[in-house]
There are 2 protein chains.
Amino acid sequence: MRLYDFLPSGNGYKVRLILHQTETPFTWVNVDILDGATRAPAFLAKNPNGRIPLLELDDGRLLAESNAILYYLAQGTPLLPRDPYLAAQIMQWMFFEQYSHERFVAVARFICEFSAPGDPRHEELSGLRENGHAALRVMETHLSENRFFVGDTYSIADIALYAYTHVADEGGFDLSPYDNIRKWLSRVSRQDRHIPITKNDF
Amino acid sequence: MRLYDFLPSGNGYKVRLILHQTETPFTWVNVDILDGATRAPAFLAKNPNGRIPLLELDDGRLLAESNAILYYLAQGTPLLPRDPYLAAQIMQWMFFEQYSHERFVAVARFICEFSAPGDPRHEELSGLRENGHAALRVMETHLSENRFFVGDTYSIADIALYAYTHVADEGGFDLSPYDNIRKWLSRVSRQDRHIPITKNDF
């Protein structure tokens, strides 16, 4: 398999993490999103939506959207329960992640990391943080009664939500009030074959 | 089953449509999102993220996120292929729908339908339409070579994308340049047991 990816991306990290944890060999391909590489015709031919991560299977078939890739790679592993309701709950939290979390928490981090201090995008930060904290509160409440997001075991729902939550501070989110989230982050980071987002020797 | 829903919602319509097409009996429960009903303590106790649609199973178990509900209800039906790659492609398009389509196309429609003409939210419309058209172009390209989104058959990926695309004009999107999308909309609307978003006699 080939993974088209950008190292600072939390969405890309989700896929690197599951590939490592499932001991799946892959070739890592750098796509510099800051340099317009996802808008290049060769990349758009592979993913017309122009986003990383993108997984290319050995037979050339392609799969986009980080959480869809997690779903594909988790099939037949303990990371995706077979029970239909539990599997649907995994989906629920992965859609929550993309719709109510990533687009605020990840975007705030992106602006902080990659925009110059005077960039007008900094004006978006207070709104992004307000919405991001709303998502963090939903997580905190859920984790007050659950060790992991679904079915009391580590799953792709945890991988999806861990990716940007554990680096939320880089977007200006103070996680100190979120006791349950911090304990869960620690629990996730202690899973077998965990790797940090900074691992770059693929 | 009980469906907590708001009739104008395209996300709610996805669930009404699959329930009708799979001939699944359900009780419809009105939740007036314009009147703050999704922020009421009784509703937040069921869905801490405060959104409809929300499905309550006969045994009281709950499921949120429209596309997760589609995934749950489609299991074991032709609307969700068993093949792992095809199923993952369904997920890909459903995540595309929430991240790259709904938050622009649906939000523009919401502002047009429910904000007074002088409301400051109208300033968001040009940006929402620019991003919405980018999503529509991705769909148009895909549909130039495919009758349906995944595997040449009608699936929950089509239901998810149909919901807000077929009413995109209500958000100020002119679909006349999108020949393939218009043909696909017609194809979806001709499926067995199709219902319009305006059906309200549940």
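Being a predicted model, the structure only gives us computed values, none of them experimental.

A. Examining the overall build of chain A more closely. A tally of regular secondary structure across chain A gives seven helices and four strands. Reading chain A from its N terminus to its C terminus gives the helix and strand order β-α-β-α-β-β-α-α-α-α-α. Computed over the C-alpha atoms, the radius of gyration of chain A is 17 Å, within 12% of the 17 Å expected from 2.2 N^0.38 for a compact globule of 202 residues. Dimensions of chain A, computed from C-alpha atoms along their principal axes, come out at roughly 50 × 45 × 30 Å. Sorting the 202 residues of chain A into buried and exposed places 54% on the buried side. Once local pairs closer than 6 in sequence are excluded, the contacts in chain A between residues at least 24 apart make up 68%.

B. The packing of helix H3 (residues 66–74) of chain A against helix H6 (residues 156–165) of chain A, seen in detail. All names here are of chain A. Relative orientation of the contacting elements H3 and H6 amounts to 150°, with a least axis distance of 10 Å. For the element pair H3 / H6, the angle class is roughly antiparallel. Crossing angle aside, the handedness with which H3 passes H6 is right-handed. Packed against H3, whose contacting residues are Asn67, Leu70, Tyr71 and Ala74, the element H6 presents Ile156, Ile159 and Ala160 at the interface.

C. Spatial organisation of the domain arrangement of chain A. Residues and elements named next belong to chain A. Segmenting chain A into domains produces domain 1 (2–74) and domain 2 (84–189). The C-alpha-based centres of domain 1 and domain 2 are spaced at 21 Å. Between domain 1 and domain 2, the contact holds 18 residues from the first and 16 residues from the second. Between domain 1 and domain 2 the total buried area reaches about 1300 Å² when both faces are included, carbon and sulfur atoms providing 67% of it. At the boundary of domain 1 with domain 2, the tally comes to one salt bridge. In this structure, Glu97 and Lys14 form a salt bridge, with 2.9 Å as the shortest nitrogen-oxygen distance. Here domain 1 and domain 2 share eight residue pairs in polar contact (both at pLDDT 80 or more) between them. Listing elements by their share of the side of domain 1 that touches domain 2, those giving two or more residues are helix H1 (10–21) and H3. It is H1 that provides the largest number of residues to the side of domain 1 that touches domain 2, a total of seven residues. For the side of domain 1 that touches domain 2, the per-class residue count stands at 10 nonpolar, six polar and two charged.

D. Representation of the side chain of Arg187 of chain A within the structure. All names here are of chain A. Turning to its location among the elements, Arg187 is positioned in helix H7 (residues 179–189). Look at Arg187: it is buried, it has no salt bridge, and the nearest opposite charge is Asp158 at 7.5 Å. For Arg187, the contacting residues outside a window of four places in its chain are Asn146, Arg147 and Phe148.

E. Quick peek at the environment of Pro84 of chain A. Structurally, Pro84 of chain A is set in helix H4 (residues 84–114). Sequence-wise, Pro84 of chain A and Asn47 of chain A are 37 residues apart; in three dimensions their C-alpha atoms are separated by 30 Å. Those residues in contact with Pro84 of chain A, other than ones at most four positions away along the chain, are Tyr72 and Gln75 of chain B.

F. Local environment of the sheet that holds strand S1 (residues 2–5) of chain B. Residue and element names in this part refer to chain B. Taken together, the four strands give an open sheet; going across it, the order is S2-S1-S3-S4, and neighbouring strands pair in mixed fashion. The open sheet is flanked by strand S2 (27–30) and strand S4 (62–64), the only strands paired with a single partner. Taken pair by pair, the neighbouring strands of this sheet meet at an average axis angle of 20°, ignoring direction. Examined bridge by bridge, S1 and strand S3 (residues 54–56) share three bridges and lie antiparallel to one another. If you follow Arg2 over to S3, its bridge partner there is Glu56. Here helix H1 (residues 10–21) sits on the sheet and contacts S1 and S2; the angle it forms with S1, its principal contact strand, is near 155°. Of the strands in this sheet, S3 and S4 are in contact with helix H3 (residues 66–74), which crosses S4 at around 125°.

G. Structural detail: the side chain of Gln98 of chain A. Within the fold, Gln98 of chain A resides in helix H4. Those residues in contact with Gln98 of chain A, other than ones at most four positions away along the chain, are Asn11, Lys14, Glu65, Ser66, Asn67 and Arg103 of chain A together with Phe95 and Tyr99 of chain B.

H. Local environment of the relation of the copies chain B and chain A. Rotating chain B by 180° and translating it 0.0 Å along the rotation axis places it on chain A, where the RMSD comes to 0.0 Å. Such a combination of turn and shift is consistent with a two-fold rotation axis. When each C-alpha of chain B is compared by its distance to the rotation axis, Tyr99 of chain B comes out closest, at 3.1 Å. The share of interface residues of chain B whose copies in chain A are also at the interface is 100%, consistent with both copies meeting through the same surface.

I. Local environment of the interface of chain B and chain A. Contact residues are listed per partner, giving 30 residues for chain B and 30 residues for chain A. The largest share of the area that chain B buries against chain A comes from Tyr85, Phe95 and Tyr99 of chain B, three residues that together contribute 26% of it. Summed over the shared surface of chain B and chain A, the number is zero salt bridges. Elements represented by at least two residues in the side of chain B that touches chain A include exactly S4, H3 and helix H4 (84–114) of chain B. Ranked by residue count, the leading element in the side of chain B that touches chain A is H4 of chain B, at 15 residues. Taken together, the residues of the side of chain B that touches chain A break down into 18 nonpolar, seven polar and five charged.

J. View of the pairing of strand S2 (residues 27–30) of chain A. Residue and element names in this part refer to chain A. Bridge analysis of strand S1 (residues 2–5) against S2 gives four bridges, and the strand direction is parallel. Within S2, the position partnered with Leu3 by the bridge is Trp28. Taking the sense of rotation as the criterion, the β-α-β connection linking S1, H1 and S2 turns out right-handed.

Procedures and definitions
Residues numbered from 1 in each chain as written. Chains lettered and ligands numbered in written order. Predicted model: local features only at pLDDT ≥ 70, side-chain atom pairs only at ≥ 80, totals over all residues. Heavy atoms only, no water. Helix = DSSP H or I, 4+ residues; strand = E, 2+ residues; numbered from the N terminus. Rg over C-alpha atoms; globule rule 2.2 N^0.38 Å. Buried < 20%, exposed > 50% of the residue type's maximum accessible area, 1.4 Å probe, protein only. Contact = heavy atoms within 4.5 Å. Axes fitted to C-alpha atoms, helices over the stretch in contact; angles between N-to-C directions. Parallel < 35°, antiparallel > 145°, perpendicular 65-115°, else oblique. Left-handed = near helix turned anticlockwise from the far one by under 90°. Domains from an automatic or database assignment. Buried area = accessible area lost by both parts, 1.4 Å probe. Salt bridge = Lys/Arg side-chain N within 4 Å of Asp/Glu carboxyl O. Polar contact = N/O pair within 3.5 Å; in protein donor to acceptor, adjacent residues only side chain to side chain. Nonpolar A, V, L, I, M, F, W, Y, C, P; charged D, E, K, R; others polar. Lys, Arg positive; Asp, Glu negative; His and termini not counted. Pairing = 2+ DSSP bridges. Least-squares fit on C-alpha atoms with pLDDT ≥ 70 in both. Right-handed = clockwise from strand over helix to strand, strands pointing away.

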